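What the coordinates show
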Amino acid sequence: MAEHPILVLDSGIGGLPYVSAVRSLMPAASFSYVADHAGFPYGERDPADLRHRLLQLFALLIERERPALILLACNTASVVALEALRERFALPFVGVVPAVKPAAHHSRTRRIGVLATARTVEERYLHDLVQQFAGECVVVTQAAGEIVRLVEESYGAPAPQAVRRCVGEAVGRLVEAGVDSVVLGCTHFIYLLEELQRLFGPGVTVIDSREGVARQVQRVAGNHYSAGRGGLAEDADSLYTTGRCSAGLESLAARFGFDKVLEL
Ligand code: DGL
């Protein structure tokens, strides 16, 4: 196991694109990734139950992985549990929340869409975020949790027709609402960025939080990884699943630099 990795967690594969964004800023960092498949999908869980699950899971993971910092690469988990996790554990947690602030900067029509899980859309956290950073904009939220399963089951590569079938209505509602910027408020949606941009058309900019989150991880990590990593074989980055390993998961993990896939 690499020493003091960045511990990244999502309900599934949604956090992997965030690992790439962090790697590109911090090539010397090491990662442990946890896909909580046994708890998937987070967007359909009761919030108190999800908070409890995450507090228990992190108690185990922190003891085992000794991370330098934690990237909670899931909007649903962040809006529901980030505060409780920061209170419980004396480690830096970087959360992933919908990129409402960049969208407010970008929007000319002052009309913004947020596409997320039903849980994220309902949470007070998102409403506070909107008040704080997009108070002068009309923000139209749209739940689209069905995409999460589609992405997870296809290892990030669903057929374009299936995507259209699944999100056509949600996209149509946001277009009708006249938004010119749409925030991807669920990490799984990043896999569909190009397809979603095509569906929204050139009048709408699809925005995600990878860049801002990666910069925040870099700031919080400080110079922790500046000396580089040892390069020993045991230092290979590991991806853990709380569910079952599969060939599909292994090949996706390898694409994101995780040479080992293990059941937790
Ligand atoms: N990827 C997670 C998010 O960012 C949620 C997916 C789920 O419902 O498990 O919201």
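Quick summary incoming for the structure in this document. (Residues numbered from 1 in each chain as written. Predicted model: local features only at pLDDT ≥ 70, side-chain atom pairs only at ≥ 80, totals over all residues. Heavy atoms only, no water.)

Observations concerning the site of the ligand
Around the ligand sit 14 residues, and of these Ser-11, Tyr-42, Gly-43, Thr-76 and His-188 come closest. Expressed as a share of its isolated accessible area of 300 Å², the protein-covered part of the ligand is 99%. Given that more than half its atoms are within 2 Å of the pocket grid, the ligand belongs to the largest cavity. Across the shell around the ligand, the residue classes break down as six nonpolar, seven polar and one charged. (Near = heavy atom within 4 Å. Areas by Shrake-Rupley, 256 points an atom, 1.4 Å probe, with all protein chains shown as cover. 1 Å grid on protein atoms, 1.4 Å probe; cavity = no way out; pocket = protein on both sides within 12 Å on 5 of 7 lines; lining within 4 Å. Sits in = over half its atoms within 2 Å of the grid points. Nonpolar A, V, L, I, M, F, W, Y, C, P; charged D, E, K, R; others polar.)

Section: unusual backbone geometry
For the peptide bond that leads from Phe-40 to Pro-41, omega is -5°, which places it in the cis range. For Arg-110, which is not glycine, the phi torsion reads 65° and is therefore positive. Take Arg-110: it is sitting in the loop between α4 (100–106) and β5 (111–116). In this model, Tyr-155 sits at a positive phi of 50°, which is unusual for a non-glycine residue. Topologically, Tyr-155 is positioned in the loop between α7 (146–153) and α8 (160–176). In this structure Tyr-155 comes out as partly exposed when scored by relative accessible area, which is 33%. (Helix = DSSP H or I, 4+ residues; strand = E, 2+ residues; numbered from the N terminus. Buried < 20%, exposed > 50% of the residue type's maximum accessible area, 1.4 Å probe, protein only.)

Some remarks on the sheet that holds strand β7 (residues 181–184)
Taken together, the four strands give an open sheet; going across it, the order is β6-β5-β7-β8, and neighbouring strands pair in parallel fashion. Only two strands of the sheet have a single partner each, and these edge strands are β6 (138–143) and β8 (205–207). Averaged over all pairs of adjacent strands, the angle between strand axes in this sheet comes to 25°, irrespective of strand direction. Note: β5 against β6, six bridges, orientation parallel. Along β6, the bridge assignment pairs Val-114 with Thr-141. Taken strand by strand, helix α9 (residues 193–200) contacts β5, β7 and β8, and its axis lies near 150° from that of β8. (Pairing = 2+ DSSP bridges. Axes fitted to C-alpha atoms, helices over the stretch in contact; angles between N-to-C directions. Contact = heavy atoms within 4.5 Å.)

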